[in-house]
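# A structural walkthrough
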2 protein chains.
Amino acid sequence: MHGYGQFCPVAKTMEVLDERWTVLVIRELLSGSHHFNELRRGVPRMSPALLSKRLRNLTRIGIVMRLDEGGRARYELTPAGRELAPVVMALGDWGMRWMTELGDEDLDPHLLMWDIRRNVNRDALPDGRTVVAFELSEARGGRSNWWLVATADEVDLCDFDPGHPAAVRIVAPLRTMTRVWRGDISWSAAQKAHGLRLEGSTSARRAVPSWFNLSVFATVERPALAAP
Amino acid sequence: MHGYGQFCPVAKTMEVLDERWTVLVIRELLSGSHHFNELRRGVPRMSPALLSKRLRNLTRIGIVMRLDEGGRARYELTPAGRELAPVVMALGDWGMRWMTELGDEDLDPHLLMWDIRRNVNRDALPDGRTVVAFELSEARGGRSNWWLVATADEVDLCDFDPGHPAAVRIVAPLRTMTRVWRGDISWSAAQKAHGLRLEGSTSARRAVPSWFNLSVFATVERPALAAP
DNA sequence: CAGTATCCATTTCGATACTG
DNA sequence: CAGTATCGAAATGGATACTG
């Protein structure tokens, strides 16, 4: 039995949303992912079997539609699913205010880069192709390199050097880059006090903050700190 | 491992809220329940061991405070906990719009009466003591009787005849009474088409709808029905 | 009143490998 | 690309009884 046995609409909603991963899958769909392997990138720790099961369940409930796009599966939110946006926003707003401590296990360079990639502000980029290189270092000593290759048409994320010279190179602890993306600290604070370094021409370095839109939750107001 | 391994605030929030029953406990606290057995009445299908565990967990996380009120335990939401109200409201709003089908197992007369009791509109009641009797019949043939005894000071819910004569007697299928409470149907529609009957003086019968505030979600707009 | 204690059935999930 | 298949470990939580 998975129901709560209550007529309360909060309970009825939670019967659907309290299953592990479900809300994150919906978040991914709201963020514009539509294909199975695209969704997987947003929930990398979820097994494909479980993702498949959740998608089937959400489809049955009427939150997701599975479309056949010329032999390719495409997942879309139904109107009911799209109306979960305020729920997801409320959850995120609360999390920004009250779940501020990130453990090392919450930091994930691939997930971060995937988010950043989705939010490159193409209008602010120079014409032609722009490459931005990232070097992210983890607490455990790991280090990973990424390249965003932005053209007028699209933005590609690579984990290998694409060959073209980078306009800017961003070197930072993974935690710092994550906090910038979340809006916990500004680009300039990150440079002054959190080990972020920009390498490139002065004009390009200056333009970097405008090239990236931060997380939709970056502007959430944080609670006032308690008086000491 | 129960975390999602993501820095996303939605994920961080769901790490807390996706545990079974947790949101319903928070809903009860938001509704004004503060003591263990009071909370239990709002989540009757939850075992006391589990409620205890959830309360401890919520306390550890900083959503709930456990106060010692002269030897009696009292649970209060912290500021972070109170700020979950928008989340709970968003969940309920969505549920009213999209989770409209209630199974027989979602109907619970005790839970319903407990909700109704909490929302008696004392200002609208006649002076002195007012007794309202309910007779709720279930699909399975069960039937239960309840009495609300309202005075200036308090409202008591009894499952036995308190002796004083009832100003009004409300006889209805449990499903109908539940739907009225949820705002799915009006008092008058319930009488015309869903088997609800009011017994008592004309003036009292007419006054009944003003005596009860309905669920906070009763006014949520329902989605337009799809064209046939 | 406010919980604990115990115990086990069930579920759930993660890991891994595999397929049309 | 878009999933299924399989399997075992872990945890979850429901039922029931008990306690200071």
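What you see is a predicted model; the values in this text were computed from it and never measured.

About the cut-offs
- Residues numbered from 1 in each chain as written.
- Chains lettered and ligands numbered in written order.
- Predicted model: local features only at pLDDT ≥ 70, side-chain atom pairs only at ≥ 80, totals over all residues.
- Heavy atoms only, no water.
- Pairing = 2+ DSSP bridges.
- Helix = DSSP H or I, 4+ residues; strand = E, 2+ residues; numbered from the N terminus.
- Axes fitted to C-alpha atoms, helices over the stretch in contact; angles between N-to-C directions.
- Contact = heavy atoms within 4.5 Å.
- Near = heavy atom within 4 Å.
- Polar contact = N/O pair within 3.5 Å; in protein donor to acceptor, adjacent residues only side chain to side chain.
- Nonpolar A, V, L, I, M, F, W, Y, C, P; charged D, E, K, R; others polar.
- Core = buried A, V, L, I, M, F, W, Y, C linked by side-chain atoms within 4.5 Å.
- Buried < 20%, exposed > 50% of the residue type's maximum accessible area, 1.4 Å probe, protein only.
- Domains from an automatic or database assignment.
- Buried area = accessible area lost by both parts, 1.4 Å probe.
- Salt bridge = Lys/Arg side-chain N within 4 Å of Asp/Glu carboxyl O.
- Parallel < 35°, antiparallel > 145°, perpendicular 65-115°, else oblique.

### Things to note about the sheet that holds strand 7 (residues 197–200) of chain A
Residues and elements named next belong to chain A. The strand order across the open sheet built from five strands is 5-4-3-6-7, with neighbouring strands paired in mixed fashion. Of all strands in the sheet, those bounded by a partner on one side alone are strand 5 (155–158) and strand 7. Across the sheet, the mean angle separating the axes of adjacent strands is 20° when strand polarity is ignored. Where strand 6 (residues 168–173) and strand 7 come together, four bridges link them in antiparallel fashion. Bridge pairing in strand 7 links Ile170 to Leu198. Docked against the sheet, helix 7 (residues 109–118) engages strand 3 (130–137), strand 4 (143–150) and strand 5, running at close to 15° with respect to strand 4. This element, helix 8 (residues 174–182), spans strand 3 and strand 6 of the sheet and lies at about 105° to strand 6.

### Describing the protein's contact with DNA strand D
Taken together, 15 residues surround DNA strand D, and among them Ser52, Arg66, Arg72 and Tyr75 of chain A together with Arg54 of chain B come closest. Backbone atoms, meaning sugar plus phosphate, form 82% of the atoms of DNA strand D positioned within 4 Å of the protein. In this structure, a phosphate oxygen belonging to DNA strand D sits 3.2 Å away from a side-chain N or O atom of Trp21 of chain B. Take Arg54 of chain B: an N or O atom from its side chain is 2.6 Å from a phosphate oxygen of DNA strand D. With four residues, helix 4 (residues 48–61) of chain A is the largest single contributor of residues to the surface near DNA strand D. Looking at the surface near DNA strand D residue by residue, the classes come out as seven nonpolar, three polar and five charged.

### A closer look at the protein's contact with DNA strand C
By nearness alone, 15 residues border DNA strand C, and Arg20 of chain A together with Ser52, Arg66, Arg72 and Tyr75 of chain B come closest of all. The sugar and phosphate moieties of DNA strand C supply 82% of its atoms located within 4 Å of the protein. Take Arg72 of chain B: an N or O atom from its side chain is 2.8 Å from a phosphate oxygen of DNA strand C. Take Ala73 of chain B: an N or O atom from its main chain is 3.4 Å from a phosphate oxygen of DNA strand C. Elements with a minimum of two residues in the surface near DNA strand C: helix 4 of chain A together with helix 3 (36–42), helix 4 (48–61) and strand 2 (72–77) of chain B. A per-element tally of the surface near DNA strand C places helix 4 of chain B first, with four residues. Each residue belonging to the surface near DNA strand C can be placed in one class, and the counts come to seven nonpolar, three polar and five charged.

### Comments concerning the nonpolar core
The biggest cluster of nonpolar side chains holds 69 residues, and the ones touching the most others in it are Leu17 and Ile63 of chain A together with Leu17 and Ile63 of chain B. In this structure, Leu17 of chain B is in contact with Met14 and Leu91 of chain A together with Thr22, Val23, Ile26, Leu84 and Val87 of chain B, ignoring residues within four places of it in sequence.

### Some points on the domain arrangement of chain A
Where the parts come together, the accessible area they lose is often given as the size of the interface. All names here are of chain A. According to the domain assignment, chain A contains domain 1 (9–98) and domain 2 (104–211). Summarising the inter-unit geometry, the C-alpha centres of domain 1 and domain 2 are found 27 Å apart. Between domain 1 and domain 2, the residue contacts involve nine residues of the former and eight residues of the latter. When the two sides are added together, the surface that domain 1 and domain 2 hide from each other amounts to roughly 680 Å², 52% of it contributed by carbon and sulfur. Inspection of the region where domain 1 meets domain 2 yields one salt bridge.

### A few points about helix 2 (residues 22–30) of chain B
Given 3.6 residues per turn, any residue in an α-helix points the same way as the ones three and four places further on. Residue and element names in this part refer to chain B. Among the nine residues of helix 2, eight are classified as buried, and the element is accordingly described as predominantly covered. Where helix 2 is concerned, the buried positions are Thr22, Val23, Leu24, Val25, Ile26, Arg27, Glu28 and Leu29. Following helix 2 by one or two positions, Gly32 adopts a phi angle in the positive range, close to 105°.

### Re the packing of helix 1 (residues 9–17) of chain A against helix 6 (residues 85–98) of chain B
Two elements in contact, helix 1 of chain A and helix 6 of chain B, have axes whose closest approach is 7 Å; the angle formed by their N-to-C orientations is 90°. Between helix 1 of chain A and helix 6 of chain B, the angle is such that the two are roughly perpendicular. Taking contact as the criterion, the partners of Pro9, Val10, Thr13, Met14 and Leu17 of chain A in helix 1 of chain A are, on helix 6 of chain B, Val88, Leu91, Gly92, Trp94, Gly95 and Met96 of chain B. Its residues assigned to classes, the contact of helix 1 of chain A with helix 6 of chain B comprises eight nonpolar, three polar and no charged.

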